[in-house]
Structure formats: C-alpha cells, structure tokens
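# Notes for the structure review
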Amino acid sequence: MTKLDAKTPQGPLSEKWTHYKNHQKLVNPANKRRLDVIVVGTGLAGASAAASLGELGFRVLNFCIQDSPRRAHSIAAQGGINAAKNYQNDGDSVYRLFYDTIKGGDYRAREANVYRLAEVSNNIIDQCVAQGVPFAREYGGLLDNRSFGGAQVSRTFYAKGQTGQQLLLGAYSALSRQVHQGSVKLYTRYEMLDLVLIKDANGLERARGIIARNLVTGKIERFAAHAVVIASGGYGNAFFLSTNAMNSNGSAAMQCYRKGALFANPAFAQIHPTCIPVHGEFQSKLTLMSESLRNDGRIWVPKKLEDAQAIREGQLKPTQIAEEDRDYYLERRYPAFGNLVPRDVASRAAKERCDAGFGVNNTGLAVYLDFSDAINRLGLKTVEARYGNLFQMYEKITADNPYETPMMIFPAIHYTMGGIWVDYELMTTIPGLFAIGEANFSDHGANRLGASALMQGLADGYFVLPYTIQNYLSDQIQVPRFSVDLPEFAETEKALEDKIATLMSIKGKRSVDSIHKELGHIMWDHVGMGRTKESLETALVLLQALKKEFWSNLFIPGEPNTLNVELEKALRLADFIEIGQLMALDGLNRNESCGGHFREEYQTPDGEALRDDEQYSYASCWKYKGEDQQPELVKESLDYEFVVRQQRNYKA
C-alpha cells in the first residue's frame, strides 16, 4: 500500500509554520535563475504563485485557458475574503479562525494546514491593500468587515459585491509586472492536456513538464520545467449546471491522477444555498448570489402549505404573506447562528422545506431571501451601498426587483473541497508536482466556509508555495534544463494525438452538451445534496453506461488542428465522467455524513449530519490502477492533537 507522509512539522500548532520556515532548504538568488517552474492556471492561486515565483527570480511559464488572466473564475467570488485581524474587536483571533474552519469542515481537514491558513490570512490583507485593492472602509478609515456563514465574528473583508474581481486585478497587476520584466512567460488560450514524467538518475519519476494545446490554432506543444504547479480550480462542472464558469474543469487534476497523483475526498462537493433557481431546460449554468446577502437578508418560506401552493400557482405574492405566517426556518432551527449557518447546513435546510411542500417558485424548488427588514432598519441607501450590484444582477436575470419583492434562491453545486492530495508542502505524491488553491484538497475538509476560497488561493500562491517549493528545488540546482525532444515528451504527445483521433473518428449522433447534460442529471439526482447507498450504486451503473455511450456515439464537428470548441469540451467531458465515477465511489465508501457529503442513512434525529469518527477520520485518497479498473483506496489518518471533535452545533 502507498504510504502517505504529510510532512507535518513537529511542535505546537502555532509554531509549526515558523519552525518549517526556519529549517527549510533555500535556493540562493543566482541559482533561482537556473530553475524553471510551470504554473497551470491564472486565477487567484495561479496568478499569485506565478507572480511571487517570478519576483523571487525563478523562470516561470504560466498557462491561461482564457484569453486573459482577468477572466479566471476567481472573479465570480463576490462576497469577501476572511482574515483574523479582529478590526471589529469582537473576539476574533487566529485560533478562532482556525477552529471555525476546522468545525465548518466537519472535522475532516488536516489541522496543521488549516492553522497555517489562518496564520497567514492577515498577511494577505496587507498584501492586497498594498496592491490597491479597494476594500470597503468604515467612516474612520479602517477596513470594514462583515459576517459570513459559520462564524459569530465579523472577519470578512470585502469590496462591495466584487471582491474576487478586485483581488484578481491585484494579482493580475503583480503578474503583469513579472511578465513585463521577463521572469514570467504567459501563454494565453492554452490548455494543459497531460503531465510529463521523467526518471532521474535514481529511477524516481518526477514531474518535468506538460503537453498543452493552443486553443486558437489547435497545435499541440511541449513545455519542460523543473517543477509543475497545478492551480486549475475545481471539478464542479461535472454536474453540468453549477455556479462555475463554463470552461472551468477538472481535467488537469485528472491528468495528474492518471499519472500517479492521488485524488483525495472526491465526494466532498459543496452545495451553495443562495443561487438563482433553475429557470429553463436550456440553461447552461447557474448564477450565484453572494453569501454576503445572508448578513442582512432573512430566509423564509410560508408557514402554511396552502400559502405555498397559492404562490406556486401565481395566486399569491410573497409580499401578501403576513409576518406571523412566515417561517424563518434557519432562525428557528439555529438560533445562535440564524441565517449565517454554514453552507451545507443552510442548503439541506432549504431542501428539507421544499421536500416538505413549502417551496416557492412555480417549481416548488425555491425559498425567499428577504431584505424588507434590513431596508426598514438600515434604509434603502445603506442596503444599496452594500449590495447594489448584486441586486442589479438579480433583477437583470429574473426581471424582478429585490428591493420590492424577496429574492428567490435555491441550492446549487458551487465548490469542490476534494482535489489532488498534497502534503504540508503542497506537493502531490509525484515529486515535483504541486497543487494549490481549489485544485488541491487540503484546507476545507468536508465543507468550505464562505469567504475562505479567496483566502486559500492567495495564501497558497503568495505565502506558502514560494517557501515550500524551494525545499524541493534546492536539490534540483545541478539538474540542467530539459529538452522537449526527450522520448517521454514524444510518447506523451503521441498518446494524446491518438486519443484525439479516436474522439474525432467516432462520428456518432450525440453532441457533447447532450451527454454532459445527461451526466449532470445523473450526478444531481444520485450524487447530489442527499445520497444513499442505493442512489450511489445506481449512479455507478448509469455512469458506466454513459461512458460507453460517450465513446461510441459522440459527434465532434470540424477538425482537430484548428480552433475547435467542441473538441475542447469533449476532452473535458471524458474527464468529468471519470470524476463522477470517483465521486460516487468515494461517497459509497464513506458510510457517514459529514459536511457536503450527506448520506441520508446517517443523520441525527433532528436531521443533522452524523459523523463516524471511529471509522472515517481520514482523507480518502484514490490511486489510479488503469482504465476501467477499480482505483485503490489509500487513507491519510486525520489525527487531531489540538482539537476535540464534536457534533457540530450551530443552535447554541
């Protein structure tokens, strides 16, 4: 069995990161110029890592699937970024941020990584302020904070409802500076298609490059480096309908998985509670309404079944429901946290109300997010200043004015906590291959708290990877630069060309989108918010049949050696089907409920997730064993030294 060494430093929790930095190996400035690093992705994690490594003196090759790094999906994170500065003087601390994150993840994250994340969070804010990110400020000039789910303090820094976009512009400016100086070479509209491994003198396979496709010309090209960093985001689009950008995908992670990197906790996918409901069969993505809206918005459904029925039939408007006839069910069930419970808790509560018949919209699959109380309490102008662009976006999509009528929301797939397994240094089980941001599994356990995705991406890119990658590269100084003419590059490229030729030659009757949509239905119906042993077993059967359908009845128009969007989507869909199989298999293996993984057989009497810490206190890591072969389960034991696991309680 593969032995997993997380390389967690010894010593007290608060001293581990300091101890690591004090004893790690370094690369001196002159030697950094001799080392090349590939960074795949230009979102917050990728852009910050490429900029930081370039600033240090490494030669960086940075790959962007979009036409500009400014289009990375990080811009869609609207609500804010967490940090433990305690500007509100409301009792926050690094330890409290660490504990809220561990608890929010239902005690399924690695302690040391989470504490380090909380520890460097304050540095992120300072870095971004120095870059000119326009965080909201209070009257006295201090940065403002607001509350987010899973916390009883205000620690979320924000820039209106555009936080992700503003942070990305800061990282993009840092990246652009390095591109201008020549330390980073940026490849836009390139997509990684495979990882290249080369054996060293001792026979150890190391990550030494990638094969990428120029999405404009269709040309397949080779790139070599001393190390490879994956910062390509998550795999939520396996569900077809999600809040992710349309070209967000999990292909880079799956390419690494097939080359030997372990894929950890694939079943841990987050359902976000505040999404605009599905409004048509031809819809291709969902729109997220920021979690920040739960600060001042109150979530409710009618108390009476007949009122809910009348609303669904268009005979009654929500504004006609009297206050005493409204069920503010989160405030009722979770008085201590109210509308600011973690995302998985809020999502399941919405599902429970809708399943019980109290849902609204014409489908019955929606609840209300109401700002009438906030407008009366704070005034229209204050609410508009805080959330105006979000309200504008909602009205543009739904043709409904949320200042006058409550928003309708429903849970949707949003973020994936699972990903490539990494150790404390953010290195995978393949030497020289690192994974950062949403692409790895490390910091969020079974559920991510709101405003922590931006925190992790920038922490990894600015303040963690630039240290830890040196510990690896310090032994690579004498290794000369690699030629892309080596046989390993040629063999990998040939296998890709054969795969593309096979896809193009199928000439079936199904479009990529039709198969992808079918995949989405399978995933949502059987591997979605509520899962059972039976539903997961059904999913595995259906997914195997869909995989066969894909490889026998797919039709891709056009030619491969040119711009071909359908070919791009087909390559990603092949990976999404395999990701779906991994998710179902992982969910079937984990006979408990925790965070975003809710097995309906395992719940408390009042419907909360019921963990089994004796049997499942581990990260489930899957090792590729070959095409259509059952992957091997490798477990990383999550031994908690500093936190006592408890049943999550957001009621008191």
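Up top is the structure.
A short tour of the structure in this document, coming up. (Residues numbered from 1 in each chain as written. Predicted model: local features only at pLDDT ≥ 70, side-chain atom pairs only at ≥ 80, totals over all residues. Heavy atoms only, no water.)

### Remarks on the packing of helix H1 (residues 16-23) against helix H5 (residues 111-131)
Convention followed: Fitting a line to C-alpha atoms yields each axis, with helices limited to the stretch in contact; the angle taken between N-to-C directions then spans 0 to 180 degrees. Secondary structure elements are taken from DSSP: a helix is a run of H or I of four residues or more, a strand is a run of E of two residues or more, and numbering for both begins at the N terminus. The labels follow the angle: roughly parallel below 35 degrees, roughly antiparallel above 145, roughly perpendicular from 65 to 115, and oblique for the rest. Whether two residues touch is decided by their heavy atoms; if any such pair falls within 4.5 Å, the residues are in contact. We call Asp, Glu, Lys and Arg charged. Ala, Val, Leu, Ile, Met, Phe, Trp, Tyr, Cys and Pro are nonpolar, and the rest, Gly among them, are polar.
Their axes nearest at 9 Å, the elements H1 and H5 cross at an angle of 85°. Looking at the two axes, H1 sits roughly perpendicular to H5. Between H1 and H5, the contacting residues are Lys-16, Trp-17 and Thr-18 on the first element and Ala-112, Arg-116, Glu-119 and Val-120 on the second. For the contact of H1 with H5, a count of residues per class yields 3 nonpolar, 1 polar and 3 charged.

### A word on the nonpolar core
Cut-off, in case you're wondering: The nonpolar core is taken to be a set of buried Ala, Val, Leu, Ile, Met, Phe, Trp, Tyr and Cys residues, with the residues joined through side-chain atoms within 4.5 Å. Accessibility here uses a 1.4 Å probe with only protein chains present; expressed as a share of the type maximum, an area under 20% marks a residue as buried, one over 50% as exposed, and anything in between as partly exposed.
Core analysis: the biggest nonpolar cluster contains 190 residues, and Ile-81, Leu-195, Ile-210 and Ile-230 have the highest contact counts within it. Core analysis: the second largest hydrophobic core is formed by 5 residues, Phe-268, Tyr-415, Ala-446 and Cys-594 among them.

### A word on the sheet that holds strand E5 (residues 184-188)
To keep things clear, this is the line we draw: By the convention used here, strands pair only if DSSP detects at least 2 bridges between them.
A sheet is described by the order of its strands in space; here 5 strands give the open sequence E5-E2-E1-E9-E17, paired in parallel fashion. Pairing within the sheet leaves two strands with one partner each, and these edge strands are E5 and strand E17 (433-435). Here the strands of the sheet are splayed against their neighbours by 20° on average, with no regard to which way each runs. The strands that helix H3 (residues 44-56) touches are strand E1 (36-40), strand E2 (59-64) and E5; relative to E2, the one it contacts most, it runs at about 165°.

### A few points about the sheet that holds strand E15 (residues 407-416)
The strand order across the open sheet built from 5 strands is E11-E15-E14-E12-E13, with neighbouring strands paired in antiparallel fashion. Looking at strand neighbours, the two that pair on one side only are strand E11 (269-275) and strand E13 (326-327), the edges of this open sheet.

### Description of the side chain of Ser-183
Defined as follows: Here a polar contact is taken to be a pair of N or O atoms separated by no more than 3.5 Å, where protein atoms must pair a possible hydrogen donor with a possible acceptor and residues adjacent in sequence count only if both atoms sit in side chains.
In this structure, Ser-183 sits in the loop between helix H6 (163-181) and E5. Residue classification places Ser-183 among the buried positions, given a relative accessible area of 15%. Within polar-contact distance, the side chain of Ser-183 engages the backbone oxygen of Gly-54 at 3.5 Å. Separated by 2.6 Å, the side chains of Ser-183 and Gln-178 make a polar contact. Each residue touching Ser-183, except ones within four places of it in the same chain, is listed here: Gly-54, Phe-58, Arg-59, Val-60 and Gln-178.

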